[in-house]
Amino acid sequence: MTIQDDPYQTGPQGNSAYQHLLDEIRDGTLQPGERLREIELSERLGVSRTPVREAIRQLESDGLVTHVPRQGATVRSLDYAEVMELYEMRAVLEGTAARLAACAASDVELDELCVLNDRLAEAGTGSEAARINRIFHATLLDAAKNRFLSKSMLSLQKALLILGPSQLLEGDRAETAVAEHKRVMAALKARDGAAAEKEMRAHIQAAQRMRIRALQERNRTTDENH
């Protein structure tokens, strides 16, 4: 299950506003600590304040937005410990998904994963690479065929949105990710669940290390500017 599959029962306008704000948190348009003003958002999104209010309420329920005294609804910030915990859980869940997929995935699903990884290699860096990467991981999760694992991963994916843009937008991370995916795929094709889990955990841990370096660099820059 991907974030786009998440049901949100507030009508078309509410759903559109919610998805739009999710996308803006993901791509960094809305930064951690930024206030969500209903009037400003309704004007920018071209909807009334009611669906915006409903969208903010749902984002708060997701844990992406919090209420700060004297400021109101604000995009949540994650501290270092929370980032570490998120990636640790991601390694556990996606590692488990890879192990299950080694047994449960059909040949068609494995072929589709290969196609997606080839498309990721062609995309290079940028938003399209990040989008294909999300589809790759969602497809592998679907191939694990465990609905409870999918629900747990959906909740984690939403929390990860707070971190902002994908690391695939930077440097040679996309190229490295493709190579890591290939090692996961080799284990899946061999139907070796233990190896698939090990390679997926290594893939997530590599992403974690890059994310931590990026956060440390951002904090260092912020400190220098004060």
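The structure displayed is predicted, hence computed values, not measured ones.

A. Summary view of the overall build of the protein chain. A count of helical and extended segments in the protein chain gives nine helices and two strands. Secondary structure elements of the protein chain, listed N to C terminal, follow the sequence α-α-α-β-β-α-α-α-α-α-α. When the 226 residues of the protein chain are sorted by exposure, 45% land in the buried category. Taking all contacts inside the protein chain whose residues are at least 6 apart in sequence as the whole, residues at least 24 apart take part in 74%.

B. The side chain of R173, seen in detail. The residue R173 is located in helix α8 (residues 173–189) in this model. Assessed through its relative accessible area of 4%, R173 is described here as buried. Setting aside residues no more than four positions away along its own chain, R173 makes contact with Q167, L168, E180, H203, A206, A207 and M210.

C. Quick look at unusual backbone geometry. A positive phi angle is found at R70, which is not glycine, with a value near 70°. Tracing the chain through its elements places R70 in the loop between β1 (65–68) and β2 (72–75). Classification of R70 as exposed rests on a relative accessible area of 83%. For K145, which is not glycine, the phi torsion reads 55° and is therefore positive.

D. Molecular detail of the environment of D142. Within the secondary structure layout, D142 lies in helix α6 (residues 127–144). It is 8.4 Å that separates the C-alpha atoms of D142 and A101, two residues lying 41 residues apart in sequence.

E. How the structure looks around the pairing of β2. One ladder, built from four bridges, connects β1 with β2; its direction is antiparallel. Bridging from a neighbouring strand, H67 pairs with A73 of β2.

F. Summary view of the nonpolar core. Counting residues in hydrophobic clusters, the biggest one holds 62 residues, and the most contacted among them are L21, L36, I56, L59, L140 and L188. Those residues within four positions of I56 in sequence are excluded, and the remaining contacts are L21, L36, E38, L41, V65 and A73.

G. Expanded view of the pattern of salt bridges. Summed over all chains, the structure comprises 14 salt bridges. Notably, a salt bridge pairs E197 with R99, separated by 3.1 Å at the nearest N-O pair. Residue E197 is located in helix α9 (residues 193–224), and its partner R99 is located in helix α4 (residues 80–104); the two are separated by 98 residues in the primary sequence. Overall, the relative accessible area of 17% leaves E197 in the buried class. Overall, the relative accessible area of 34% leaves R99 in the partly exposed class. When salt bridges that share partners are traced, they join E38, R49 and R53 into one network.

Procedures and definitions
- Residues numbered from 1 in each chain as written.
- Predicted model: local features only at pLDDT ≥ 70, side-chain atom pairs only at ≥ 80, totals over all residues.
- Heavy atoms only, no water.
- Helix = DSSP H or I, 4+ residues; strand = E, 2+ residues; numbered from the N terminus.
- Buried < 20%, exposed > 50% of the residue type's maximum accessible area, 1.4 Å probe, protein only.
- Contact = heavy atoms within 4.5 Å.
- Pairing = 2+ DSSP bridges.
- Core = buried A, V, L, I, M, F, W, Y, C linked by side-chain atoms within 4.5 Å.
- Salt bridge = Lys/Arg side-chain N within 4 Å of Asp/Glu carboxyl O.

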